[in-house]
Amino acid sequence: MATSESGDGSHNPAFDPDLDTPANPDHEFAEFGAGCFWSVELAFQRVVGVVKTEVGYSQGHTPDPTYKLVCTGSTNHVEVVRVQFDPKVCPYGNLLDLFWSRHDPTTLNRQRGDVGVQYRSGIYYYNETQAHLAQESKEAEQLKQKNKIVTEILPAKRFYRAEEYHQQYLEKGGGQGNSQSAEKGCTDPIRCYG
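This report concerns the structure included in the present document. The structure displayed is predicted, hence computed values, not measured ones.

## Overview of the nonpolar core
Ranked by size, the top nonpolar core spans 39 residues in total, and within it Phe-32, Phe-44, Val-83, Tyr-92, Leu-95 and Ile-123 carry the most contacts. Those elements that place two or more of their residues in this core are strand E1 (28-34), helix H1 (37-45), strand E2 (50-58), strand E3 (78-85), helix H3 (92-101), strand E6 (121-125) and helix H4 (128-142). Excluding anything up to four places from it in sequence, Ile-123 contacts Glu-31, Phe-32, Tyr-92, Leu-96, Phe-99, Trp-100, Ala-134, Thr-151, Glu-152, Ile-153 and Leu-154. Of all hydrophobic cores here, the second largest spans five residues; its members include Val-78, Val-80, Ala-156 and Phe-159.

## Considerations on the sheet that holds strand E8 (residues 160-161)
Here six strands make up an open sheet; going across it, the order is E7-E6-E1-E3-E2-E8 and the pairing mixed. For this open sheet the edge positions go to strand E7 (152-155) and E8, each flanked by a neighbour on one side alone. Relative to E3, E1 runs antiparallel, the two sharing five bridges. By the bridge assignment, Ala-30 is partnered in E3 with Val-83. Against the sheet, H1 makes contact with E1, E2 and E3, and its axis sits at roughly 160° relative to E2, the strand it touches most.

## A word on the packing of H3 against H4
For the pair H3 and H4, interaxial distance at closest approach is 10 Å and the crossing angle is 40°. As far as their axial angle goes, H4 and H3 are oblique. For H3 against H4, the interelement crossing comes out right-handed. Contact with H3, carried on its side by Tyr-92, Leu-96 and Trp-100, involves Gln-130, Leu-133, Ala-134, Ser-137, Lys-138 and Glu-141 of H4 and no other residues of that element. Of the residues belonging to the contact of H3 with H4, the class tally is five nonpolar, two polar and two charged.

## Quick look at the packing of aromatic side chains
In this structure the tally under the stated criterion is nine aromatic pairs. Between Phe-29 and Tyr-126 the ring centres are 5.6 Å apart and the planes differ by 45°, which places this aromatic pair in the tilted class. Taken as a pair, Phe-29 in strand E1 and Tyr-126 in the loop between E6 and H4 lie far apart in primary sequence, 97 residues in all. Look at Phe-29 and you get buried, because its relative accessible area is 6%. Grouped by ring-pair contacts, the aromatic residues Phe-32, Phe-44, Phe-85, Tyr-92, Phe-99 and Trp-100 constitute a single cluster. Positioned above the aromatic ring of Phe-29, the side-chain terminus of Arg-82 is 4.3 Å from the ring centre.

Here is what the cut-offs are and how they apply
Residues numbered from 1 in each chain as written. Predicted model: local features only at pLDDT ≥ 70, side-chain atom pairs only at ≥ 80, totals over all residues. Heavy atoms only, no water. Core = buried A, V, L, I, M, F, W, Y, C linked by side-chain atoms within 4.5 Å. Buried < 20%, exposed > 50% of the residue type's maximum accessible area, 1.4 Å probe, protein only. Helix = DSSP H or I, 4+ residues; strand = E, 2+ residues; numbered from the N terminus. Contact = heavy atoms within 4.5 Å. Pairing = 2+ DSSP bridges. Axes fitted to C-alpha atoms, helices over the stretch in contact; angles between N-to-C directions. Parallel < 35°, antiparallel > 145°, perpendicular 65-115°, else oblique. Left-handed = near helix turned anticlockwise from the far one by under 90°. Nonpolar A, V, L, I, M, F, W, Y, C, P; charged D, E, K, R; others polar. Phe/Tyr/Trp six-rings, centres within 6.5 Å; stacked < 30°, edge-to-face > 60°. Lys NZ or Arg CZ within 6 Å of the ring centre and 35° of its normal.

Printed below as a string of structure tokens:
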């Protein structure tokens with residue numbers, strides 16, 4: 001069981017809960033890991049009621065990780081999208097539905113060609129209501145899957161915002177300068193790498 005103490009007894013901030021709060025007290029955070037965060041973020045950007053998205057790293061043991069370090073697999077971080085949403089417009093269940101639809105929750109530490117612990121499937125909750133709804137949705141999704149779901153459901157830990165070039169990466173054009181729409185309700189296919 002991870003604690004906020006490192007092996008030498010000193011405090012490890014990477015294990016702290018995510019205590020950030022949305023600027024608007026009527027909004028909530030949600031956080032998901034579903035493979036490479038670029039395409040997952042764009043999918044959430046398009047949801048009506050989502051007011052902000054950020055990509056970053058969480059659930060690892062190294063404070064202030066970099067993308068390069070996370071990609072080594074040595075920090076145990078997962079690439080996550082932190083979503084700020086208005087629950088009056090977008091119920092948490094809508095975000096869960098999108099999460100399940102965007103990746104294969106039965107492959108351990110892998111999404112298609114992306115392999116490594118940073119690509120694992122996870123729902124990281126901010127309150128007990130989210131935890132309960134996440135578990136219910138996982139059970140419902142398992143009935144649709146022939147293989148066992150490996151998605152972890154854990155409290156949201158310290159969120160380390162990814163480097164600026166990763167933020168809204170596909171909307172900004174990705175690696176090939178082909179900007180993809182983040183308009184609310186857009187249904188254009190999402191190209192993972194631009």
